[in-house]
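# Coordinate inspection notes
One letter stands for each residue in the lines below.
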Amino acid sequence: MRAFQTVTGRAMPLPRADVDTDQIIPARHLKRTGRTGLGAFAFEAWRRDPGFVVNDPRYKGAPILITGPNFGCGSSREHAPWALEDLGVRVIVAPSFADIFRLNCARVGLLTVVLGAAEVDALTRRVQDDPSTQLRVNLREQTLRVVVSVVGDIGGSEVHRFEVDPFVKHCLLEGLDAIALSLSHEVELRAHEARRPAWMPRTSRGSGGPR
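Residues numbered from 1 in each chain as written. Predicted model: local features only at pLDDT ≥ 70, side-chain atom pairs only at ≥ 80, totals over all residues. Heavy atoms only, no water.

Across its full length, the chain carries seven helices and eight strands. A burial count over the chain gives 43% of its 211 residues as buried. Summarising the internal contacts of the chain: among those between residues at least 6 apart in sequence, 66% fall at separations of at least 24. Carbon and sulfur atoms provide 53% of the accessible area of the chain, an area that totals close to 11200 Å². (Helix = DSSP H or I, 4+ residues; strand = E, 2+ residues; numbered from the N terminus. Buried < 20%, exposed > 50% of the residue type's maximum accessible area, 1.4 Å probe, protein only. Contact = heavy atoms within 4.5 Å. Areas by Shrake-Rupley, 256 points an atom, 1.4 Å probe, with all protein chains shown as cover.)

Shown next as structure tokens:
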């Protein structure tokens, strides 16, 4: 998992409410076991429309997605954040997220930013009016800043502050997925194993199982 600190770039507007995980990545693609290559299937049904935002070259490669409330509702498939990550998205901004989807995003290194509905609407209109608008999301400072925009001649003065769970923030900043987080406590884990009674089962590295 890549460590997350600051992301600067254009933002892709998707002003739709209740976008579920089947719309993000259809169920037929869940047979794939790897995390790569799923971006080609993100929003597959909607991409049949030539006017859909993902097909718009002005937003190609945008690392920030701005969308509507309850984003990621539906089933709890991890493939949904995998598909968005493979599409190039690193930050998703919305008024609210489905809880499991938000947790899955954190586990793969995607930052979910919750802002007020009025703030999200204003940002959506800004990037629609000027697709070249540049936003900067700083996780350490917990800020989203409009750094370049023709509309209103912002020049970095528009700042939105967001909250983030301290544990999620720590894992994202350090690039710790569940495995890396466990390994970061290897000294404590080894000490715990050393204290276990001899009659209890224990594992031996390289043995392939309990001994």
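Mapped onto the elements, Val-159 comes out in strand E8 (residues 158–161). Looking at Val-159, the relative accessible area reads 30%, which means it is partly exposed. When the C-alpha atoms of Val-159 and Val-146 are compared, they prove to be 6.6 Å apart, with 13 residues separating the residues in sequence. Setting aside chain neighbours within four positions, we find Val-159 in contact with Thr-143, Leu-144 and Arg-145.

Next up on the list: the pairing of strand E3 (residues 64–67). Alternating residues of E3 divide into Ile-64 and Ile-66 and Leu-65 and Thr-67, and every residue in both groups is buried. Bridge count for strand E2 (residues 11–14) against E3 is four bridges, and the pairing is parallel. Bridge assignment links Leu-14 to a residue of E3, and that residue is Thr-67. In this structure, E3 lies alongside strand E4 (residues 91–94), joined through three bridges in parallel fashion. In the strand pairing of E4, Ile-66 is matched with Val-93. As for the winding sense of the linkage, the β-α-β connection from E3 through helix H2 (residues 79–87) to E4 is right-handed. (Pairing = 2+ DSSP bridges. Right-handed = clockwise from strand over helix to strand, strands pointing away.)

Moving on to the nonpolar core. Ranked by size, the top nonpolar core spans 31 residues in total, and within it Phe-43, Phe-71, Leu-84, Ile-92 and Phe-101 carry the most contacts. For this core, the secondary structure elements donating two or more residues are E2, H2, E4 and helix H3 (99–108). Counting residues per element, this core draws most heavily on H2, which supplies four residues. Not counting the four nearest positions on each side in its chain, Phe-43 is found in contact with Leu-14, Val-19, Gln-23, Ile-24, Phe-52, Val-54, Phe-71, Leu-84 and Leu-87. Core analysis: the next-biggest nonpolar cluster, separate from the first, contains 22 residues, Val-91, Val-120, Val-127 and Val-146 among them. (Core = buried A, V, L, I, M, F, W, Y, C linked by side-chain atoms within 4.5 Å.)

What follows concerns the environment of Arg-58. Mapped onto the elements of the fold, Arg-58 is located in the loop between helix H1 (21–24) and E3. Along the sequence, Arg-58 and Ser-132 sit 74 residues apart, while their C-alpha atoms lie 7.4 Å from each other. Dropping the residues within four chain positions of it, Arg-58 is found in contact with Arg-10 and Pro-131. A polar side-chain atom of Arg-58 sits 2.8 Å from a polar atom in the side chain of Asp-56. (Polar contact = N/O pair within 3.5 Å; in protein donor to acceptor, adjacent residues only side chain to side chain.)

Time to look at the side chain of Lys-169. Counting through the fold element by element, Lys-169 comes out in helix H5 (residues 166–174). Among buried charged residues, Lys-169 stands out as having no salt bridge; its nearest opposite-charge side chain is Glu-163, 8.5 Å away. Apart from residues lying up to four places away in sequence, Lys-169 is in contact with Leu-139, Arg-140, Gln-142 and Val-164. (Lys, Arg positive; Asp, Glu negative; His and termini not counted. Salt bridge = Lys/Arg side-chain N within 4 Å of Asp/Glu carboxyl O.)

The set of residues buried in H3 consists of Phe-101, Asn-104, Cys-105, Ala-106 and Val-108. Buried residues in H3 make contact with H1, H2, E4, strand E5 (111–114) and H5. Once H3 ends, the next one or two residues include Gly-109, with phi positive near 100°.

What follows concerns the packing of aromatic side chains. In this structure the tally under the stated criterion is six aromatic pairs. Ring plane angle 10° and centroid distance 5.9 Å describe the contact between Phe-43 and Trp-46, whose orientation is recorded as stacked. Each member of the pair, Phe-43 as well as Trp-46, is classed as buried. With a centroid separation of 5.4 Å and 80° between ring planes, the pair formed by Phe-71 and Phe-101 is classed as edge-to-face. Taken together, the positions of Phe-71 in the loop between E3 and H2 and Phe-101 in helix H3 put the pair 30 residues apart, joining distant regions of the chain. Assessed through its relative accessible area of 2%, Phe-101 is described here as buried. Above the plane of the ring of Trp-46 lies Arg-16, whose end atom (NZ or CZ) is 4.2 Å from the centre. (Phe/Tyr/Trp six-rings, centres within 6.5 Å; stacked < 30°, edge-to-face > 60°. Lys NZ or Arg CZ within 6 Å of the ring centre and 35° of its normal.)

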